[in-house]
Amino acid sequence: AQSVSQHNHHVILSEAASLELGCNYSYGGTVNLFWYVQYPGQHLQLLLKYFSGDPLVKGIKGFEAEFIKSKFSFNLRKPSVQWSDTAEYFCAVKDSWGKLQFGAGTQVVVTP
Amino acid sequence: DTEVTQTPKHLVMGMTNKKSLKCEQHMGHRAMYWYKQKAKKPPELMFVYSYEKLSINESVPSRFSPECPNSSLLNLHLHALQPEDSALYLCASSQDPGGNSPLHFGNGTRLTVT
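Structure report, in brief. (Residues numbered from 1 in each chain as written. Chains lettered and ligands numbered in written order. Predicted model: local features only at pLDDT ≥ 70, side-chain atom pairs only at ≥ 80, totals over all residues. Heavy atoms only, no water.)

## Thoughts on the packing of aromatic side chains
What characterises a pair of aromatic rings is the spacing of the ring centres plus the angle enclosed by the ring planes. The condition that has to hold: Aromatic pairs are defined between Phe, Tyr and Trp rings, using the six-membered ring for Trp, whenever the two ring centres lie within 6.5 Å; interplanar angles under 30 degrees are classed as stacked, those over 60 as edge-to-face, and all others as tilted. The way it works is that DSSP assigns letters per residue, a run of H or I at least four long becomes a helix, a run of E at least two long becomes a strand, and they are numbered from the N terminus. Working definition: with a 1.4 Å probe on protein chains only, accessible area under 20% of the residue-type maximum means buried, over 50% means exposed, and in between means partly exposed.
Here the structure, examined in full by the defined rule, presents 14 aromatic pairs over all chains. An angle of 35° between the planes, with centres 5.8 Å apart, marks the rings of phenylalanine 64 of chain B and tyrosine 89 of chain B as tilted. Residue phenylalanine 64 of chain B is found in strand β7 (residues 64-70), and its partner tyrosine 89 of chain B is found in strand β9 (residues 87-94); the two are separated by 25 residues along the sequence. Neither residue differs from the other here; phenylalanine 64 of chain B and tyrosine 89 of chain B are each classed as buried. Connected via pairs of aromatic rings, a cluster forms that spans Phe34, Tyr36, Phe51, Phe90 and Phe102 of chain A together with Tyr35 and Phe105 of chain B.

## Topic: the pairing of strand β4 (residues 23-26) of chain A
Residue and element names in this part refer to chain A. We apply this condition: Any two strands are treated as partners once DSSP identifies two or more bridges connecting them.
Side chains Cys23 and Tyr25 project from β4 onto a buried face, and the interleaved Asn24 and Ser26 project onto a face without burial. Direction of pairing for strand β1 (residues 3-6) relative to β4: antiparallel, over a ladder of 4 bridges. Looking at β4, one finds that serine 3 is bridged to serine 26.

## A few points about the side chain of aspartate 85 of chain B
All names here are of chain B. Just so we agree on the cut-off: Polar contacts here mean pairs of N or O atoms no more than 3.5 Å apart (in protein, one a potential hydrogen donor and the other a potential acceptor; neighbouring residues in sequence count only if both atoms are side-chain atoms). Here, residues are in contact when the closest pair of their heavy atoms is within 4.5 Å.
For aspartate 85, the position within the fold is in the loop between β8 (73-79) and β9. A polar side-chain atom of aspartate 85 sits 2.7 Å from a polar atom in the side chain of arginine 63. Leaving out residues up to four positions away in the same chain, aspartate 85 has contacts with Lys36, Arg63, Phe64, Leu111 and Val113.

## Topic: the environment of arginine 30 of chain B
Residues and elements named next belong to chain B. Within the fold, arginine 30 resides in the loop between β3 (18-25) and β4 (31-37). Judged by its relative accessible area of 30%, arginine 30 falls in the partly exposed class. Once you skip the residues sitting within four places of it in the chain, arginine 30 turns out to touch Tyr49, Ser50, Tyr51, Glu52, Ser71, Ser94 and Gln95. Looking at arginine 30, its side chain comes within polar contact range of the side chain of glutamate 52, at 3.1 Å.

Below is the structure:
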């Protein structure tokens, strides 16, 4: 069975600070990894995804993530956050049958 | 705005009522999903439809009954719900059920069971 764990439940940081959110997964099959963001009152949006190839993946809004197979990790990063990045961030893993499982989520608050 | 449309946005129902949640997408996606999200929690998978056939049921109680009338529509029929079923119900679709096909989510239906 697949599982996803996110290291931090709440992160508070100032504008222009760098952000890194941890994600570890366990899954025995082909790894398909995603980061989703949920802004207040909005739908879940895809930030980025990894299936294969270059382990450094670039997504929307200046986010990137690095897949490290040896560490079973897929951490999300952004060099300089803005107030508008305040949101809940979910790491997720999908199996070949269509089951997308989410981590517990990290609430990120960016202060002006 | 999302390309997955869910109606209604809000629903209040009593424990003896029967109601339905609706979801529609016109992206030509062949997999559709129902998730349940409680406050401050991640979405939890309920059902997956693949090419209009139910492929995954995550041991959901029978008071929740999914239906996929065609490739663009997904319904969730509700009957005899409990107050603990109050949650945000999310619909999603993906091009196919395969692992590398990301899900596109709707805005959800906020359900309150009284």
